[in-house]
Amino acid sequence: MNDNENKLLAVEELKVYFRSEDEVARAVDGVSFDVDREETVCLVGESGCGKTVTALSVMGLIPIPPGEIAGGRILFGDQNLLDLNDDQMQAIRGNQIGMVFQEPLTSLNPVFTIGDQIGEAIQIHQTAPQNEVVQRSQQLLKDVGIADPAQRLRDYPHQLSGGQRQRVMIAMALACDPELIIADEPTTALDVTVQAQILRLLETIQKERSMSVLYITHDLGVVSKVADRICVMYAGIIAEQGKKEAVLKTPKHPYTQALLASLPNREKRGKRLYSIPGTVPNPAYKPDGCPFHPRCRHAIQTCHEQYPQMCDYEDGHRARCPVLFDE
């Protein structure tokens with residue numbers, strides 16, 4: 001963990017469960033990480049690992065029921081967000097913490113113009129006359145690189161390209177100049193060229209506005225470009241975390257190693273890529289011991305029986321694998 005004074009967000013032993021009549025899905029099961037001021041942290045892992053549920057918990061958007069915050073704390077500055085009521089959380093959501101959602105076409109309302117939706121994001125938190133809201137909305141679109149912003153404010157979401165819609169989502173997240181942006185798979189479904197543009201845009205805006213960014217992604221290519229620190233999630237837990245260089249160059253957890261082994265590169269051209277056997281376990285039916293052991297080529301009997309604790313390496317690099325730690 002980093003010095004308390006520099007922490008903007010600290011998630012401590014967060015547990016988020018979803019209950020039905022006959023089972024409990026432990027989607028997030030004791031997750032801890034933090035985000036420093038002006039830092040970029042990436043939560044990375046396969047679909048179903050709990051990344052988005054973690055992000056929605058920070059935003060106070062978990063539906064209760066069936067969801068339940070079963071334990072832990074989410075500290076934003078000196079406030080525990082889990083102690084706030086709906087009105088108090090609404091004052092923070094969008095104002096101090098902005099979020100760029102995964103699918104802009106479904107996140108934007110198809111029956112309202114872009115101007116209406118950006119303007120609403122401003123007016124929810126700040127009192128301003130309509131002409132000022134329009135001017136600020138145009139400037140936000142200009143800031144995120146959309147040409148002819150006055151015309152785009154009059155357009156509807158279906159009239160924009162996928163890259164333009166994602167830029168609109170970023171503009172909405174920036175509307176009230178938040179301290180933290182949560183970007184949930186912000187480049188999913190975009191072609192490679194547009195992905196690179198969106199990543200550069202977020203990096204530029206972060207530096208200009210001195211913001212922190214929490215990226216949610218399964219794409220290690222994105223991680224290698226944007227992260228300062230990486231948290232690798234698996235089956236609702238943090239399997240490994242540390243500075244980008246340490247995690248990518250000297251991974252300690254078999255899951256991180258497997259993710260990196262499955263990446264294509266020039267040296268693997270013409271060869272069959274490695275794939276991780278099996279799938280992420282159902283959060284309602286996790287295996288005993290280490291949740292990764294059914295898919296792990298390093299697993300020993302201890303892995304089947306004992307839940308692994310975090311092992312400390314140098315300079316904040318930590319991994320939940322005592323088997324490799326003891327070797």
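Reading the values: the criteria
- Residue numbers here run from 1 along each chain, matching the order of that chain's written sequence.
- Per-residue local features are limited, in this predicted model, to residues with pLDDT of at least 70; the limit for side-chain atom pairs, both in listing and counting, is 80 or more; totals at the level of whole chains, interfaces and linings are taken over all residues.
- As a convention, hydrogens and water are excluded, and side-chain values are obtained from all of the structure's heavy atoms.
- Each helix is a run of DSSP H or I of at least 4 residues and each strand a run of E of at least 2, with the numbering of both proceeding from the N terminus.
- The criterion used for residue contact is that any of the two residues' heavy atoms lie within 4.5 Å.
- Whenever a nitrogen or oxygen atom comes within 3.5 Å of another N or O atom, the pair is scored as a polar contact, on the condition that within protein one atom can donate a hydrogen and the other can accept it, and that pairs from neighbouring residues in sequence are kept only if both atoms are in side chains.
- Paired strands, as defined in this entry, are two strands with at least two bridges between them according to DSSP.
- Axis definition: a line fitted to C-alpha atoms, over the contacting stretch in the case of helices. Angles run 0 to 180 degrees between N-to-C directions.

Trainee: Would you mind showing me how to read the environment of Arg136 here?
Mentor: By the secondary structure assignment, Arg136 is in helix H5 (residues 130-143). Arg136 has contacts with Ile122, Gln126, Ala128 and Ala175, leaving out every residue within four places of it along the chain. Engagement of the side chain of Arg136 in a polar contact is seen with the backbone oxygen of Ala175, the distance being 3.5 Å.

Trainee: Mind showing me how you'd approach the sheet that holds strand S3 (residues 40-44) here?
Mentor: Strand-to-strand pairing in sheets goes through backbone hydrogen bonds, with the strands running parallel or antiparallel. Spatial ordering of the open sheet is given by S6-S7-S8-S3-S9-S10-S12-S11, a layout of eight strands whose pairing is mixed. In this open sheet, the two strands that pair with only one neighbour each are strand S6 (97-100) and strand S11 (311-312). Note that strand S9 (residues 229-234) and strand S10 (residues 237-243) share six bridges and pair antiparallel. Bridge pairing in S10 links Met233 to Ile238. Relative to S9, helix H11 (residues 254-261) is tilted by about 100°, and along the sheet it contacts S9 and S10.

Trainee: Explain the environment of Gly77 here, please?
Mentor: Tracing the sequence through the fold places Gly77 in the loop between strand S4 (67-76) and strand S5 (79-80). The spacing of Gly77 and Glu5 is 72 residues in sequence and 8.9 Å in space, taken between C-alpha atoms.

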